[in-house]
Amino acid sequence: MSWQSALAKGLAVTELRFIMCPSGAGSQGLRSFVKEAYSEVKVMNPSLPLLVRESAGAKATILARYPAGKEVSVQVENFDKK
C-alpha cells in the first residue's frame, strides 16, 4: 500500500505541513516532491489539510499533526526521491 493511499484509508493524520526554503539547494528535493505529488495526494485525501510553507533559510521538513495536538516532524534536507 502506498503512503498516499494509506492516508486515504483513514490514518489518524489530521494535517501535513511541508516546510522548505524557496531557493535553498537543501530544499530542492522537497520542492520537487510537492510540485509532482501534491495534486495526487490532495485528490486521494480531499479533507486532509496539506500546507506548504516557504521561508528563507528554512530546513526542509515534513510535519504531521495527529489528534490531540501531537506533532511529528522529519527533516528531509537534501532529500532525493530516487
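Residues numbered from 1 in each chain as written. Predicted model: local features only at pLDDT ≥ 70, side-chain atom pairs only at ≥ 80, totals over all residues. Heavy atoms only, no water.

Chemist: Describe unusual backbone geometry, with residues and values.
Modeler: Even without glycine at this site, A68 takes up a positive phi of about 65°. Under the relative-accessibility criterion, A68 is labelled exposed at 88%. Backbone geometry at N78 places phi at a positive 65°, although glycine is not the residue there. Mapped onto the fold, N78 is located in the segment after β4 (71-75). Given a relative accessible area of 57%, N78 falls into the exposed group. (Buried < 20%, exposed > 50% of the residue type's maximum accessible area, 1.4 Å probe, protein only. Helix = DSSP H or I, 4+ residues; strand = E, 2+ residues; numbered from the N terminus.)

Chemist: Give a detailed account of the sheet that holds strand β3 (residues 61-65), specifying residues and quantitative values.
Modeler: Spatially, four strands are ordered β2-β1-β3-β4 in an open sheet, and the strand pairing comes out mixed. In this open sheet, the two edge strands, each paired with only one partner strand, are β2 (50-54) and β4. Strand-to-strand twist of the sheet, defined as the mean angle between neighbouring strand axes without regard to direction, takes the value 15°. Sheet analysis places strand β1 (residues 15-20) next to β3, joined by five bridges and oriented antiparallel. Bridged to R17 within β3 is L63. Strands β1, β2 and β3 of the sheet are contacted by helix α2 (residues 28-44), whose axis makes an angle of about 160° with β1. (Pairing = 2+ DSSP bridges. Axes fitted to C-alpha atoms, helices over the stretch in contact; angles between N-to-C directions. Contact = heavy atoms within 4.5 Å.)

Chemist: Residues and numbers for the packing of aromatic side chains, please.
Modeler: Tallying each qualifying case throughout the model produces two aromatic pairs. Taken together, a centroid distance of 6.2 Å and an interplanar angle of 50° make the contact between F18 and F33 tilted. Taken together, the positions of F18 in strand β1 and F33 in helix α2 put the pair 15 residues apart, joining distant regions of the chain. Measuring from centroid to centroid gives 6.3 Å for F33 and F79, while their planes differ by 80°, and the two rings are edge-to-face. On the criterion of sequence distance, the pair formed by F33 in helix α2 and F79 in the segment after β4 is long-range, its members being 46 residues apart. (Phe/Tyr/Trp six-rings, centres within 6.5 Å; stacked < 30°, edge-to-face > 60°.)

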